[in-house]
Amino acid sequence: MLEDWTIYTWYCLNCKAEVAGLKNRKNQIQVICSTCGTKMIRTIMGRRHDVIDVYAPDGEEHYDQDMRRY
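Below is a summary of the structure that appears in this document. Here the residue index of a chain counts from 1 through its sequence in written order. Under the rules for a predicted model, residues below a pLDDT of 70 receive no local features and side-chain atom pairs below 80 are neither given nor counted, while totals for whole chains, interfaces and linings still include all residues. Neither water nor hydrogens contribute to the side-chain values; these are computed over all heavy atoms in the structure.

Turning next to the overall build of the protein chain. We count a stretch as a helix when DSSP gives it H or I for four or more residues in a row; a strand needs E for two or more, and each element gets its number in order from the N terminus. Counting its regular elements, the protein chain contains zero helices and five strands. For the protein chain, the succession of helices and strands along the chain, N to C, is β-β-β-β-β. With 70 residues in all, the protein chain has 24% of them scored as buried. Long-range contacts, defined as pairs at least 24 residues apart, comprise 14% of the intrachain contacts of the protein chain with a sequence gap of at least 6. When accessible area is computed with a 1.4 Å probe and restricted to protein chains, residues below 20% of their type maximum are described as buried, those above 50% as exposed, and intermediate ones as partly exposed. Should any heavy atoms of two residues lie within 4.5 Å, those residues are counted as being in contact.

This is the structure we're talking about:
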């Protein structure tokens, strides 16, 4: 059985630290940033299409910049 042990790296969308992970059987790479605690799940949809879901660390929430004005 041939296994794919390619390490996928990218930068955290929250703090810009480099993160790395391995692909699972669902074609997903699950990573938790060691700097800020943000959880990211990168799903490889095809040759030119990746989807990254970003989850805030515990105790944090999404802050919309447009809400500052009101």
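Inspection of the secondary structure assignment puts Thr38 in the loop between strand 3 (28–32) and strand 4 (39–46). Polar contacts, as counted here, are pairs of nitrogen or oxygen atoms within 3.5 Å of one another; within protein the pair requires one atom able to donate a hydrogen and one able to accept it, and residues that are adjacent in sequence qualify only if both atoms are side-chain atoms. In terms of polar contacts, Thr38 uses its side chain to reach the side chain of Asn14, at 3.2 Å. The residues contacting Thr38, other than those within four sequence positions of it, are Cys12, Asn14, Val31, Ile32, Cys33, Val54, Tyr55 and Pro57.

Turning our eyes to something else, we now look at a nonpolar patch on the surface. Taken together, the side chains of Trp5, Ile7 and Leu22 define a hydrophobic patch exposed on the protein surface, amounting to about 360 Å² of accessible area. Relative to the elements of secondary structure, Leu22 occurs in strand 2 (residues 18–22). Here Leu22 falls in the partly exposed class, since its relative accessible area comes to 40%. Note on patches: the residues involved have over 30% relative accessible area and no salt bridge, like charges join within 9 Å, and the nonpolar side chains Val, Leu, Ile, Met, Phe, Trp and Tyr join within 5 Å. The accessible surface values rely on the Shrake-Rupley method and a 1.4 Å probe; as for residues, cover is taken only from the protein chains in view. A pair is scored as a salt bridge if a Lys or Arg side-chain nitrogen falls within 4 Å of a carboxyl oxygen belonging to Asp or Glu.

Position of Thr43 among the secondary structure elements: in strand 4. Note on Thr43: relative accessible area 14%, which makes it buried. Among all residues touching Thr43, those that are not within four sequence positions of it are Asn27, Gln28, His49, Asp50 and Val51.

Glancing now at the environment of Val54. In this structure, Val54 sits in strand 5 (residues 49–55). With a relative accessible area of 42%, Val54 lands in the partly exposed category. Between the alpha carbons of Val54 and Met40 there is a distance of 4.7 Å; along the sequence they are 14 residues apart. Not counting the four nearest positions on each side in its chain, Val54 is found in contact with Leu13, Thr38, Lys39 and Met40.

Interpretation in functional terms is not warranted from these geometric data alone.
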